[in-house]
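# Chain and residue survey
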Amino acid sequence: MKGILLALMTTALAACAHVPDNVPGTVDGEVFYLQRMALPPAATLKVSLQDVSLADAPAQVLASQSGPIKGQVPLPFHLTYDQKQVQPGHTYAVSARIEVDGKLLLISTERYTVDLTLDEKPPVKIRLSPAH
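Residues numbered from 1 in each chain as written. Predicted model: local features only at pLDDT ≥ 70, side-chain atom pairs only at ≥ 80, totals over all residues. Heavy atoms only, no water.

### A few points about the pattern of salt bridges
Here the structure, examined in full by the defined rule, presents 3 salt bridges. Glu99 serves as the salt-bridge partner of Lys46, at 3.2 Å between the closest nitrogen and oxygen. With Lys46 in strand E2 (residues 43–51) and Glu99 in strand E5 (residues 92–100), this pair connects stretches of sequence that are 53 residues apart. Between Arg97 and Glu99 there is a salt bridge, and its shortest N-O distance comes to 2.9 Å. Ionic contacts of the salt-bridge type, sharing partners, join the residues Lys46, Arg97 and Glu99 into one network. (Salt bridge = Lys/Arg side-chain N within 4 Å of Asp/Glu carboxyl O. Helix = DSSP H or I, 4+ residues; strand = E, 2+ residues; numbered from the N terminus.)

Shown next, in the form of structure tokens:
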């Protein structure tokens, strides 16, 4: 009986254990758009993970990825962030944009909230709309 109780307590404590600070967090997903168009060769994809908790302050960027687009939609992304930057009670979101020669072509217009407290985060699917 003591062995079972000890095993249950050990399991409960392990479940409450905090992820080590030196292990980076990750967010994966893909970016897509519905317009039937081919992107110019100079197009670049920019994806960022931001703390969007404060309405009256600029969002703090926790991670970003930027580079030339290879292939067709959906365009995959992988963001790695420092878990020490995650604050309890804060709201985090992923946004994306496609630029050509520094000019905005497509952008995410909805909020794609991410729960950074989850060990297994579902992939984020970001829809881009034409920039006007």
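### A few points about the nonpolar core
Among the nonpolar cores identified, the biggest contains 27 residues, and Val27, Val31, Leu49, Phe77, Val94, Ile98 and Ile126 are the most heavily contacted of them. For this core, the secondary-structure elements that each account for two or more residues are strand E1 (25–33), E2, strand E3 (60–68), strand E4 (75–81), E5, strand E7 (112–114) and strand E8 (124–130). Ranked by residues supplied to this core, first place goes to E5 with 5 residues. The contact partners of Ile98, leaving out residues within four places of it in the chain, are Tyr33, Leu39, Ala43, Thr44, Leu45, Ile69, Leu75, Lys103, Leu104, Leu105, Leu106 and Leu128. (Core = buried A, V, L, I, M, F, W, Y, C linked by side-chain atoms within 4.5 Å. Buried < 20%, exposed > 50% of the residue type's maximum accessible area, 1.4 Å probe, protein only. Contact = heavy atoms within 4.5 Å.)

### A short note on the pairing of E2
Across 9 bridges, the pairing between E2 and E5 is antiparallel. Its bridge partner lying in E5, Val47 is registered against Ala96. Relative to E3, E2 runs antiparallel, the two sharing 8 bridges. Residue pairing for E3: Ser48 is matched across the bridge by Ser64. (Pairing = 2+ DSSP bridges.)

### Re the confidence of the model for the chain
Per-residue confidence for the chain gives a mean pLDDT of 86, with 84% of residues at or over 70. Counting contacts from residues 5–19, a segment whose pLDDT is below 50, to residues more than four positions away or on other chains yields 2 contacts. (pLDDT = per-residue confidence, 0-100.)

### Some thoughts on the environment of Leu105
By the element assignment, Leu105 lies in strand E6 (residues 103–108). Given a relative accessible area of 27%, Leu105 falls into the partly exposed group. The spatial distance from the C-alpha of Leu105 to the C-alpha of Pro130 is 6.0 Å, given a sequence separation of 25 residues. The residues touching Leu105, leaving out its near neighbours within four places in the chain, are Met37, Leu39, Pro40, Ile98, Glu99, Val100, Ser129, Pro130 and Ala131.

### Focus: the side chain of Ser108
Among the secondary structure elements, Ser108 is positioned in strand E6. When its relative accessible area of 12% is taken as the criterion, Ser108 is described as buried. Ser108 has contacts with Ser95, Ala96, Ile126, Arg127 and Leu128, leaving out every residue within four places of it along the chain.

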